[in-house]
Amino acid sequence: MKKFIKLFIPPILLPSFIKKFYHPLIYKNKFNYDNSLYNRGAFINRSIIKLSSKNNRNFNLKYLEIGCEYNQIFNTIPLEKGMKIGVDPERGGTHRQTSDDFFKNNNTKFDLIFIDGLHTYEQCQKDVINSLNFLNEGGIILLHDMLPQNSYEEKNHRSGDVWKVAVELQLSKNIEFKIANVDCGVGIIKPQPNHKYFKNDKLLHSKYNDFISDYFKDLQIVSCEEAFKFIDKD
Ligand SMILES: C[S@@+](CC[C@H](N)C(=O)[O-])C[C@H]1O[C@@H](n2cnc3c(N)ncnc32)[C@H](O)[C@@H]1O
């Protein structure tokens, strides 16, 4: 029925048209992503190859994805069935539950965890803290949507305010952290021994303008190639 009604609406009034042509005029991008020919899927897959060859693991790695949706990424992960776990309360993956419920009963450790579930500051913070507790030595955590380009992306797009977690990670103890400037920002966490995640309550009420004016310049935002060197480094 919706499709039928759409036939009678002039294209210039369709929400998709408005979004494509008017939003860039209203919500100006504050920065651009690198034109690196990588999206998050390619980035995760290359990271898996790197972890696999680094320790001669021959793809004997455990992967966890928090938030799988349509399995767009999950189904590209080149690991055997029991080696990849996907958690999503709605659809996709292997476990139909929230990340909080999953971690309550989990006793598996992972080599690569991709966090892309509920995009709120508080939930993403919980997902990172839980993931840090279930990461094998030498493992990495990747996070999606660390860098919203404008306030529309932050509020109405799926990025949400997970950038606040990036700000906290940057100042946490013994946690190496960089953001690859591709596909809405892919965060890379490499925890070191005795790491500690530092919360910053000041961020709770911070807005997108604060992100750009107070925090953006201090984030370690790098190209894809620099990000891969960072993953390679011991
Ligand atoms: C942005 S989508 C994930 C996209 C997918 N990772 C990809 O790259 O194509 C976010 C997903 O997180 C799921 N989600 C929402 N709340 C969650 C929670 N508390 N724990 C785990 N997943 C959650 C949603 O159901 C949704 O499918």
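As shown above, the structure is provided for reference.
Let me sum up the structure you'll find in this document. (Residues numbered from 1 in each chain as written. Predicted model: local features only at pLDDT ≥ 70, side-chain atom pairs only at ≥ 80, totals over all residues. Heavy atoms only, no water.)

**Thoughts on the packing of helix α6 (residues 121–133) against helix α8 (residues 163–170)**
Remark: α6 packs on α8, axes separated minimally by 8 Å, with the N-to-C direction vectors making an angle of 45°. When the axes of α6 and α8 are compared, the pair comes out oblique. Facing Y121, C124, Q125 and V128 of α6, the residues of α8 in contact are K164, V165, E168 and L169. A class-by-class count of the residues in the contact of α6 with α8 yields five nonpolar, one polar and two charged. (Axes fitted to C-alpha atoms, helices over the stretch in contact; angles between N-to-C directions. Helix = DSSP H or I, 4+ residues; strand = E, 2+ residues; numbered from the N terminus. Parallel < 35°, antiparallel > 145°, perpendicular 65-115°, else oblique. Contact = heavy atoms within 4.5 Å. Nonpolar A, V, L, I, M, F, W, Y, C, P; charged D, E, K, R; others polar.)

**Points about the site of the ligand**
As a matter of local geometry, the ligand sits amid 20 residues, with R40, G67, D88, S99 and D116 nearest to it. Contacts to the ligand include E69, whose backbone N or O atom sits 3.4 Å from an oxygen atom. Contact with the protein chains removes 90% of the 600 Å² of surface that the ligand exposes when unbound. Given that more than half its atoms are within 2 Å of the pocket grid, the ligand belongs to the largest pocket. For the shell around the ligand, the per-class residue count stands at seven nonpolar, six polar and seven charged. (Near = heavy atom within 4 Å. Polar contact = N/O pair within 3.5 Å; in protein donor to acceptor, adjacent residues only side chain to side chain. Areas by Shrake-Rupley, 256 points an atom, 1.4 Å probe, with all protein chains shown as cover. 1 Å grid on protein atoms, 1.4 Å probe; cavity = no way out; pocket = protein on both sides within 12 Å on 5 of 7 lines; lining within 4 Å. Sits in = over half its atoms within 2 Å of the grid points.)

**Side note on the environment of G93**
If you trace the backbone, G93 turns up in the loop between β2 (84–87) and α5 (99–105). Sequence spacing of G93 and K62 is 31 residues, and the spatial spacing of their C-alpha atoms is 14 Å. Discounting chain neighbours no more than four positions away, the residues touching G93 are C68, N71, F74 and G86.

**Here we look at the side chain of E65**
As for its position among the elements, E65 is in strand β1 (residues 63–66). There is no salt bridge for the buried E65, and the closest opposite charge comes from R40, which lies 6.9 Å off by N-O distance. Once you skip the residues sitting within four places of it in the chain, E65 turns out to touch I73, F74, I85, G86, V87 and F114. (Buried < 20%, exposed > 50% of the residue type's maximum accessible area, 1.4 Å probe, protein only. Lys, Arg positive; Asp, Glu negative; His and termini not counted. Salt bridge = Lys/Arg side-chain N within 4 Å of Asp/Glu carboxyl O.)

**Examining the sheet that holds strand β4 (residues 135–143)**
Taken in spatial order, the seven strands line up as β2-β1-β3-β4-β6-β5-β7 in an open sheet, and their pairing is mixed. Each end of this open sheet is capped by a strand with a single partner; those strands are β2 and β7 (221–222). Where strand β5 (residues 173–180) and β7 come together, two bridges link them in parallel fashion. Bridging across to β7, I179 finds its partner in I221. Each of β1, β3 (110–115), β4, β5 and β6 (186–196) is contacted by helix α4 (residues 40–54), which is oriented at about 170° to β3, the strand it contacts most. Strand contacts of α6: β1, β3, β4, β5 and β6, with the helix running at about 160° to β4, the strand carrying the most contacts. (Pairing = 2+ DSSP bridges.)

**Side note on empty space enclosed by the protein**
The tally for this structure, following the rule as stated, stands at two cavities of 30 Å³ or more. When its volume is computed, the largest cavity comes out at roughly 50 Å³. Lining the largest cavity we find I115, D116, G117, L118, H119, C124, D127, L143, H144 and V162. Of the residues in the lining of the largest cavity, the class split is five nonpolar, three polar and two charged. Taken as a whole, the second largest cavity holds about 30 Å³ of empty space. For the second largest cavity, the full set of lining residues is L51, N55, R57, L61, D111, E137, G138 and G139. (Points joined across faces, edges and corners; volume = space filled by probe spheres on them.)

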